[in-house]
Amino acid sequence: MGLALMAGSAAAGEAWRDPSLSPDERARLLDAALTLEERIGLLHGPMALSLDGKPLPAGALGGAGFIPGVPRLGIPALQETDASLGVTNPANVRPGDTATALPASLALAASFNPRLAYEGGAMIAREAVSKGFNVLLAGGANLARDPRNGRNFEYLGEDPWLAGIMAGESIRGIQSQGMISTVKHFSLNGQETGRFVANAVIDEAAHRESDLLAFQIAIERGRPGAVMCAYNQVNGAYACGNEHLLNGVLKGDWGYPGWVMSDWGAVKATDFALKGLDQQSGEQLDGQVWFGPALKQAVAAGTVPEDRLSDMARRILRSMFAAGLFDAGPARPPVDLAAHGAIARQVADEGIVLLANPKGLLPLAPAVKRIAVIGGHADAGVLSGAGSSQVTGIGGDARSVPVGGEGALAFWGRMVFHASSPLKALRARLPGASVTFDDGRYPAAAAALARASDVVIVFANQWMAEGQDAYDLTLPEGQDALIEAVAAANSNCIVVLQTGGPVLMPWLGRVGAVLSAWYSGQQGGEAIADVLTGAVNPSGRLPITFPAGADQVPRPQLPGWGLLPTQPFDVVYDEGADVGYRRYAAKGLTPLFPFGHGLSYTTFSYGGLTVTGGETLTVRFQVTNTGKRAGQDVPQVYLAGIGGQPLRRLIGFEKLALDPGERRTVTLRADPRLLARFDEAGRRWRIDGGPYRVVVGPSAAEAVLTGTAAVTPRTMAP
Ligand code: BGC
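Residues numbered from 1 in each chain as written. Predicted model: local features only at pLDDT ≥ 70, side-chain atom pairs only at ≥ 80, totals over all residues. Heavy atoms only, no water.

Our focus in this paragraph is the layout of surface pockets. Taken as a whole, the second largest pocket holds about 730 Å³ of empty space. Looking at the second largest pocket, it is lined by 31 residues, and the ones nearest its centre are Met415, Asn461, Pro476, Glu477 and Gln479. Of all the elements in the fold, those that place two or more residues in the lining of the second largest pocket are strand S13 (397-402), strand S16 (455-461) and helix H17 (479-489). A per-element tally of the lining of the second largest pocket places S13 first, with three residues. The class makeup of the residues in the lining of the second largest pocket is 14 nonpolar, ten polar and seven charged. (1 Å grid on protein atoms, 1.4 Å probe; cavity = no way out; pocket = protein on both sides within 12 Å on 5 of 7 lines; lining within 4 Å. Points joined across faces, edges and corners; volume = space filled by probe spheres on them. Helix = DSSP H or I, 4+ residues; strand = E, 2+ residues; numbered from the N terminus. Nonpolar A, V, L, I, M, F, W, Y, C, P; charged D, E, K, R; others polar.)

Below you can see the structure in the form of structure tokens.
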């Protein structure tokens with residue numbers, strides 16, 4: 001250690017301060033100036049909460065995590081906060097602090113609007129910077145492999161291209177503000193049941209073509225400073241100690257230059273350092289501080305080379321340099337909360353999906369005078385999802401309903417309603433109508449009110465939380481029966497779903513319209529009312545398939561359900577890369593609502609398709625607004641066959657706004673990896689000879705235009 005200290009500080013000087021040097025060079029110089037103690041200090045840290053009666057770690061702002069800096073060398077501490085839906089304030093650790101609460105990431109994905117992902121990310125980062133944070137634990141990019149996953153609302157749906165683009169743009173937005181973002185949870189954290197012990201089993205090629213591809217795209221676009229490895233095991237090794245995933249794929253094949261931080265309590269051994277983990281986070285949750293004194297001993301014993309320790313520190317420092325953490329001033333800029341609220345509103349506006357409107361009940365006609373609003377706490381606000389992503393929105397919680405439970409749920413067991421009441425918003429927009437509320441506890445009372453109304457709007461909630469999956473896809477707490485009773489009393493019944501993912505709809509044929517509002521954030525009530533009344537023309541599209549029945553889910557019984565939390569089990573992903581709609585297509589299953597589906601108050605037509613081959617596919621076509629209202633469409637391009645072999649893969653989409661009668665030409669160029677298979681033996685992408693068949697349509701299940709072209713067969717770097 002003495003040697004390292006002398007050699008380091010004497011040789012390196014202050015050259016690392018030179019902002020004209022590359023982040024890698026600055027990190028190399030600065031690492032050389034660190035003592036072994038200081039270096040190890042950068043490699044682990046606690047949760048930034050006061051736990052078990054102990055005070056907040058010295059120097060921590062209070063939030064998710066804290067890594068002390070090195071004041072001697074001006075290395076700032078890493079002040080880490082969650083994350084993708086806004087700056088969180090777990091356990092009210094910063095008393096009374098609130099932040100702009102965005103809709104769920106699944107709602108963002110439903111917007112199919114990468115610009116909103118960027119703006120939402122930049123918005124959160126501005127607030128985080130203003131509170132003194134410099135790391136956002138954002139970028140959730142796990143694919144929705146199970147519609148019951150308790151954290152689907154924090155992710156970006158079931159498609160690797162959509163999830164990769166949206167995560168990448170959100171990370172790019174975050175890091176545009178002088179803040180480090182993560183991408184997480186690497187990889188296959190596909191369910192919450194048994195998340196600390198579950199072993200995800202998947203074929204390598206399938207993994208590359210699905211979840212890993214989403215991460216790869218997100219990392220290329222967003223260049224996140226850190227990757228957070230997952231709790232679960234992947235093919236028999238914990239994700240945070242997974243040589244193949246971390247050293248092999250991430251740092252090897254992809255050449256990732258940043259650092260790998262563990263999820264909170266995901267480290268099991270000091271030798272995870274040899275497998276590619278660079279930093280232990282939330283160390284109070286682990287069995288021991290593996291990357292503290294134990295790591296020092298391992299270096300002394302020669303089991304972890306000192307070089308590797310420098311590599312770990314350099315990766316952290318280079319991301320800090322790259323994000324401008326050293327060069328930024330101490331200023332905490334004021335934030336424009338009104339502008340930030342408007343971003344939350346726009347994500348909600350564009351994320352709400354009109355699923356069904358068979359008789360044109362929506363938008364509400366001006367003649368509608370008696371409206372009943374039922375259930376879902378719509379009098380108070382809009383539902384949000386729970387767990388580490390839970391944001392206390394500006395204005396505080398409108399209502400907080402204790403849920404109870406054990407473990408994670410004991411900590412997070414509150415249904416929080418953001419202060420944006422759909423009931424109030426409707427009343428404000430419809431001064432000439434009488435809008436009456438019933439809380440829905442007694443279906444017969446709700447039905448009586450429905451009978452006396454022109455139109456009835458039922459809010460149906462599915463509260464989801466980190467740490468727990470939905471047992472099945474029914475709406476909980478008897479809400480299906482409530483909807484049946486109300487719809488039987490009045491068929492002019494509109495259902496507004498506030499869910500963390502798909503649910504079954506046994507009542508679908510008996511209601512007049514269905515909206516999926518997900519968790520719509522701190523302005524969600526306003527956005528829902530705007531869509532219901534037609535002030536906003538809905539433009540959301542499903543980022544996840546809604547199954548027609550429980551038997552359509554890949555694993556009808558949730559793996560690990562009912563086991564002791566410490567009992568390991570396998571989650572066998574034998575659907576491989578055929579996640580979501582790809583599997584429905586492969587198996588010829590008809591879902592309730594397909595991926596990509598969403599209605600508008602206007603209509604669109606597609607025509608004039610040309611498909612050009614070569615190095616990749618370039619697809620050009622025209623979209624026309626054939627209706628009477630302005631609206632936004634999301635035309636989607638799918639690969640539908642290679643050499644006569646059918647398949648379905650989203651290879652491009654675009655969100656575009658069109659006035660009535662307006663026509664626009666869309667040109668999309670496919671990322672060649674979306675046309676390829678991963679060749680495991682050759683460890684390369686492989687493009688086979690064609691022909692490549694392409695379809696254009698409004699969802700994964702509807703092909704309006706068809707074309708084919710040849711693509712040059714070849715292999716590509718992994
Ligand atoms: C979650 C992460 C989160 C971390 C810090 C973990 O329980 O899985 O997503 O960033 O806690 O709060």
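It is worth spelling out the state of the cysteines at this point. Within this structure, the stated rule accounts for one disulfide. Two residues, cysteine 229 and cysteine 240, share a disulfide whose sulfurs are 2.1 Å apart. Across the S-S bond linking cysteine 229 and cysteine 240, the dihedral sits near 105°, which makes this disulfide right-handed. In this pair, cysteine 229 sits in strand S6 (residues 226-229) while cysteine 240 sits in the loop between strand S8 (237-238) and helix H9 (243-253), placing the two residues eleven residues apart along the sequence. Here cysteine 229 and cysteine 240 have matching classes, each one buried. (Disulfide = S-S within 2.5 Å. Buried < 20%, exposed > 50% of the residue type's maximum accessible area, 1.4 Å probe, protein only.)

Read from one edge to the other, the open sheet built from three strands follows the order S12-S14-S13, with strand pairing classed as antiparallel. With partners counted over all chains shown, the strands left at the sheet margins are strand S12 (382-383) and S13, one partner each. Sheet topology note: the S12/strand S14 (residues 414-418) ladder contains two bridges and is antiparallel. Within S14, the residue paired with valine 382 across the bridge is histidine 418. (Pairing = 2+ DSSP bridges.)

Here the amide bond leading from phenylalanine 186 into serine 187 is cis, since omega sits at 0°, within 30 degrees of zero. Mapped onto the elements, serine 187 comes out in the loop between strand S4 (180-186) and strand S5 (199-201). Between glycine 690 and proline 691 the backbone carries a cis peptide bond, its omega angle lying at -5°. With a phi angle near 55°, alanine 91 is a residue other than glycine that sits in the positive phi range. Structurally, alanine 91 can be placed in the loop between strand S2 (78-81) and helix H4 (105-111).

Moving on, we get to empty space enclosed by the protein. Inspection of the entire model under this criterion finds four cavities of 30 Å³ or more. Volume-wise, the largest cavity comes out at about 160 Å³. Lining the largest cavity are 20 residues, and of these Ser84, Leu102, Ser105, Leu108 and Ser170 sit closest to its centre. Mapped onto the lining of the largest cavity, the elements with two or more residues apiece are H4, helix H5 (114-130) and helix H6 (160-175). Tallying contributions element by element places H5 first for the lining of the largest cavity, with five residues. Across the lining of the largest cavity, the residue classes break down as twelve nonpolar, seven polar and one charged. Computed from the structure, the second largest cavity encloses a volume of approximately 130 Å³. Taken together, 16 residues make up the lining of the second largest cavity; nearest its centre are Arg145, Pro147, Pro554, Gly580 and Tyr584. Among the residues making up the lining of the second largest cavity, the classes are represented as eight nonpolar, three polar and five charged.

This part covers the site of the ligand. Taken together, 13 residues lie near the ligand, and Asp82, Arg151, His185, Asp263 and Glu466 sit nearest. Side-chain polar atom of histidine 185 to an oxygen atom of the ligand: 2.7 Å apart, as the coordinates give it. A distance of 2.8 Å separates an oxygen atom of the ligand from a polar side-chain atom of glutamate 466. Out of a free accessible area of 310 Å², the ligand has 94% covered by protein chains. (Near = heavy atom within 4 Å. Polar contact = N/O pair within 3.5 Å; in protein donor to acceptor, adjacent residues only side chain to side chain. Areas by Shrake-Rupley, 256 points an atom, 1.4 Å probe, with all protein chains shown as cover.)

Locating proline 506 in the fold gives a position in the loop between strand S17 (493-498) and strand S18 (513-516). The exposure class of proline 506 is partly exposed, given its relative accessible area of 48%. If sequence neighbours within four positions are ignored, proline 506 has contacts with Asp480 and Glu484. (Contact = heavy atoms within 4.5 Å.)

The subject of this paragraph is the side chain of glutamine 636. Tracing the sequence through the fold places glutamine 636 in strand S23 (residues 636-642). Looking at glutamine 636, its side chain comes within polar contact range of the main-chain oxygen of valine 634, at 3.0 Å. Once residues lying within four places of it in the same chain are set aside, the contact partners of glutamine 636 are Arg541, Phe595, Gly596, Leu650, Gly652, Phe653, Val695, Val696, Gly697, Pro698, Ser699 and Ala700.

With that settled, consider helix H8 (residues 211-222). With twelve residues, H8 should cover 16 Å at 1.5 Å per step; its first-to-last C-alpha distance of 16 Å lies within 8% of that length. Most of H8 sits inside the fold, with ten of its twelve residues counted as buried. What H8 keeps buried is the set Asp211, Leu212, Leu213, Ala214, Phe215, Gln216, Ile217, Ala218, Ile219 and Gly222. For H8, the secondary structure elements touched by its buried residues are H6, S4, helix H7 (204-208), S6, H9 and strand S28 (684-687). Looking at the residues trailing H8, positive phi occurs at arginine 223, about 45°. (Expected span 1.5 Å × (residues − 1).)

This part covers the packing of H6 against H8. Between two packed helices, the angle of one axis relative to the other and the distance separating the axes together describe the packing. Following both chains from N to C, one finds H6 and H8 inclined at 30°, their axes separated by 7 Å at the closest point. The angle between H6 and H8 places the two elements in the roughly parallel class. Every pair of crossing elements has a handedness; the one defined by H6 and H8 is right-handed. Residues Pro160, Trp161, Ala163, Gly164, Ile165, Ala167, Gly168, Glu169, Ile171, Arg172 and Gln175 of H6 lie in contact with H8, whose contacting residues are Leu213, Ala214, Ile217, Ala218, Arg221 and Gly222. Residues that form the contact of H6 with H8 fall into these classes: ten nonpolar, four polar and three charged. (Axes fitted to C-alpha atoms, helices over the stretch in contact; angles between N-to-C directions. Parallel < 35°, antiparallel > 145°, perpendicular 65-115°, else oblique. Left-handed = near helix turned anticlockwise from the far one by under 90°.)

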